[in-house]
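# Examination of the molecular architecture
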Amino acid sequence: MTLPLKLSLYRKARDLTDVAKILDLKPAHLSYALYKLDKPGFPPKYKEFTVPKKAGGVRTIMAPHKVLKAVQKRLANDLLEIEQVLEKTRVKKADCILAHGFKKNLSIMTNGENHRKRRYVFNVDLKDFFPSLNFGRVRGFFMKHNDFELDTDVATILAQIACHENQLPQGSPCSPVVSNLIASVLDIRLNELARQHNCTYTRYADDITFSTNEKLFPTAIGRREHGSLNLWEAGSKLVKVIERAGFELNPAKTRMLLDWSRQEVTGVVVNQKVNIPADYYATAAAMCHHLFMDGACFTMVGGVKQPFSLTKLRGRLAYIYQVRGRGPKTKPAADGTEDKPKSGKLWASTDLFQKFVDYADLYGIERPVLLCEGVTDNIYLKAAIQALAPKYPALATAAGELNVKLFKYTKTSAALQHLGGGGGDLGKLANVYAQRTRKFKSGGKYPLILIGDNDEGSEKLFGAVKAKTGKKVDGSDPWYYLGQNMYVVPIPKVGGIDTPIERLFEPKLLATQYEGKTFNKTNASKDPTKFYDKKVFATKVVAKDKANVNFDGFEPLLNAIVSIINHHKAKIAPIPAPAPAVLVAAVGP
């Protein structure tokens, strides 16, 4: 078998310097993360906090120091790459993969898909999954496992990166992939047990599932507790295999789900198709309703309302969207016709998620949001605001902490809000924004500011401005109000000609050579051996040397943004009640 390149490098490594080189780090950086943190006078390696568990109690999270976390992320990425390559050499079909947690293109859905339409679905849980993997087991795995067989010192270093207080900590980027690697031996043994009894086996982190359509469930894997009809326990062979692999079962989480009941695997329903429990979706929908009406959402705990953060609600909706999908796919037009492709109606859950992101990211915002044409514009604006912070206290603190938020383009924003970047998307949003926000009864307290290049690329955006305000974007006004909390700022023209945002920089900066190449200021394709693009200009020329960049050309744009913030603040300010009339007694001459 040909070894993955990264694994070959680790097998050749002999000391910390070699490991640092593989991780693309300086040895001093790695040494600081491993041997300086936690020492007197240095920051702690981890910060500890707890989060509530769904079934009650709390889970302890160990958050690594940012220096250590950066090291752990690089090691985790290498190990994930190695794991995927090794898995491809052993598994010929995707539905034969045993462990579905923490892997690219695998999820709770792919895990649950293996157990659809089964008579029996049997779940068991491994007790203290991460903590049970101590330093010795991690180090020993890297030293002795046939695929790794690393040098003793190298195995020790990798275990030091991954472990804390003699265990894999929950909160480290390394813990998921290291646990999967070590548990792969358990997966192979449990899969063999499942095959012997005509069952299907998968694992998602510490959650183990067996399923079958056999008339009787094999007692070697699971059996009814003595004297009980509904309670089940792990079979003797299952317990033996798990303990032999160095793990322990949590009996409180053992359960059997029959086909006449709701069968769940890692939180998804698998009776017919992989789906979300109806009550889970109903709760999320109720939370959204309260958010859209009142500006806040809550959950009921013991009959008492408890605040529920938007971050958690976003996570729930993203989870539902991930499981249920978007909705019916677009149907192509029939051959030989000029009909437009027919698009099926979105699932209600997708429509709900769409409304949520519109509210949370555009309308119910907690500070002004700047929506530019793309990622590079965000980089320019952030650098300009921070550099000019003393002049613009409304936009940033003296230390450069932003008082505004730059809209972040994501896969979700592209799929649900049709915001993938560019002036065309801003124009579409401006045209439909009133319709998309009409049912929100709270929010709108802070402005949403669309910033478009002052050139032909903003034709749709400027067309929306004229349609809604009756004004042509000709440079006579620095900004335009379109209703609700939406404003539009054209990039102020420089020299009376079309002005993309890059023209706000000095000409000499735009002429900067990088790696022997010239900046390509347009979106047109040019020879990449001679020209570099906007991303390189933003990250390598502007952001990397922002202390020496002159941002004075951005002042008219920042002035317009401040003016909008003040306008919106005055617009939503409550009208003061009239002062009560003062009765004055008449006085005679």
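Note that the structure is predicted; figures quoted are calculated from it, not measured. (Residues numbered from 1 in each chain as written. Predicted model: local features only at pLDDT ≥ 70, side-chain atom pairs only at ≥ 80, totals over all residues. Heavy atoms only, no water.)

Further remarks concern the overall build of the protein chain. Secondary structure assignment for the protein chain yields 19 helices and 19 strands. C-alpha atoms of the protein chain, sized along the principal axes, occupy 100 × 80 × 65 Å. The buried share among the 589 residues of the protein chain stands at 44%. Residue pairs in contact within the protein chain that sit at least 24 positions apart in sequence constitute 64% of those at least 6 positions apart. A distance of 3 Å separates the average location of the 87 positive side-chain charges in the protein chain from that of its 57 negative side-chain charges. (Helix = DSSP H or I, 4+ residues; strand = E, 2+ residues; numbered from the N terminus. Buried < 20%, exposed > 50% of the residue type's maximum accessible area, 1.4 Å probe, protein only. Contact = heavy atoms within 4.5 Å. Lys, Arg positive; Asp, Glu negative; His and termini not counted. Charge placed at Lys NZ, Arg CZ, Asp CG, Glu CD.)

Attention shifts here to the nonpolar core. In terms of nonpolar packing, the biggest core is built from 71 residues, with I161, L190, F210 and L238 touching the most fellow members. Considering every element that reaches this core, the biggest residue donor is helix α8 (residues 175-196), with nine residues. Look past the residues within four positions of L238 in its chain and what remains in contact with it is F122, V124, L190, L193, F210, A220 and I221. Membership of the second largest hydrophobic core comes to 55 residues, among which are I320, Y321, Y433 and V488. (Core = buried A, V, L, I, M, F, W, Y, C linked by side-chain atoms within 4.5 Å.)

Bridge count between strand β4 (residues 200-204) and strand β5 (residues 207-212): five bridges; the pairing is antiparallel. When the bridges of β5 are listed, T202 appears paired with T209. In this structure, the hairpin formed by β4 and β5 is closed by a connection of two residues, where A205 is found at a positive phi of approximately 60 degrees. (Pairing = 2+ DSSP bridges.)

Moving on, we get to the side chain of D125. Structurally, D125 is set in strand β3 (residues 120-125). Of the side chains bearing the opposite charge, K253 lies closest to the buried D125, which forms no salt bridge; the N-O distance is 4.3 Å. When neighbours within four sequence positions are excluded, D125 is seen to be in contact with D206, D207, E248, L249, N250 and K253. (Salt bridge = Lys/Arg side-chain N within 4 Å of Asp/Glu carboxyl O.)

Further remarks concern the sheet that holds β5. Reading across the sheet, the four strands line up as β4-β5-β3-β8 and stay open at both edges, with antiparallel pairing between neighbours. This sheet does not close on itself; its edge strands, each paired only once, are β4 and β8 (255-258). On average, adjacent strands in this sheet sit at an angle of 20 degrees to one another, irrespective of strand direction. (Axes fitted to C-alpha atoms, helices over the stretch in contact; angles between N-to-C directions.)

Turning our eyes to something else, we now look at the packing of helix α11 (residues 310-324) against helix α12 (residues 348-363). Look at α11 against α12: their axes get within 10 Å of each other, and the N-to-C directions meet at 150 degrees. The angle between α11 and α12 falls in the class roughly antiparallel. The handedness of the crossing between α11 and α12 is left-handed. Across the interface between the two elements, L310, L313, R314, L317, A318, I320, Y321 and R324 from α11 touch S349, T350, L352, F353, F356, V357, A360 and D361 from α12. For the contact of α11 with α12, a count of residues per class yields 11 nonpolar, two polar and three charged. (Parallel < 35°, antiparallel > 145°, perpendicular 65-115°, else oblique. Left-handed = near helix turned anticlockwise from the far one by under 90°. Nonpolar A, V, L, I, M, F, W, Y, C, P; charged D, E, K, R; others polar.)

It is worth spelling out the state of the cysteines at this point. Following the criterion strictly, the structure yields zero disulfides and no others. In this model C174 remains outside any disulfide bridge; the closest cysteine sulfur is found in C163, 9.1 Å from its own. (Disulfide = S-S within 2.5 Å.)

Glancing now at the environment of F217. Here F217 is to be found in the loop between β5 and β6 (222-224). Residues F217 and N198 lie 19 residues apart in sequence; the distance between their C-alpha atoms is 9.6 Å. Contacts of F217, omitting those with residues within four sequence positions, involve Y120, F122, C199, F210, T212, G222, W232 and M256.

How two helices sit against one another is set out by the angle between their axes and by the gap between those axes. One way to put it is that helix α15 (residues 423-437) packs onto helix α16 (residues 459-469) with a least axis distance of 7 Å and a crossing angle of 25 degrees. Compared by their axis directions, α15 and α16 come out roughly parallel. In this structure, α15 uses G423, G424, L426, G427, K428, A430 and N431 to contact α16, whose residues at the interface are K460, L461, A464 and K468. When its residues are assigned to classes, the contact of α15 with α16 shows four nonpolar, four polar and three charged.

This next bit is on the pairing of strand β11 (residues 298-301). Pairing geometry for β11 and strand β12 (residues 304-307), over four bridges, is antiparallel. The residue of β12 that forms the bridge with F298 is P307.

Here we come to the confidence of the model for the protein chain. Low pLDDT marks stretches whose predicted atomic positions should not be read closely. On average, residues of the protein chain score 88 in pLDDT, and 92% of them reach the 70 mark or higher. Residue range residues 335-341 is modelled with pLDDT below 50. Its contacts to residues more than four positions away, or to other chains, number six contacts. Note on residues 583-589: pLDDT is under 50 here. Beyond four places in sequence and across chains, it has zero contacts. (pLDDT = per-residue confidence, 0-100.)

It is worth spelling out the sheet that holds strand β13 (residues 369-371) at this point. A sheet is described by the order of its strands in space; here five strands give the open sequence β14-β13-β15-β17-β16, paired in mixed fashion. Both edges of this open sheet fall to β14 (405-406) and β16 (480-483), since each of them pairs with a single strand only. Summarising the sheet, strand β15 (residues 448-452) and strand β17 (residues 486-490) pair through five bridges and their orientation is parallel. Directly across from I449, in β17, lies its bridge partner Y487.

It is worth spelling out the environment of P393 at this point. Within the secondary structure, P393 is located in the loop between α13 (375-387) and β14. We classify P393 as exposed; its relative accessible area is 60%. Distance in space between the C-alpha atoms of P393 and N403 is 8.3 Å, their sequence separation being 10 residues.

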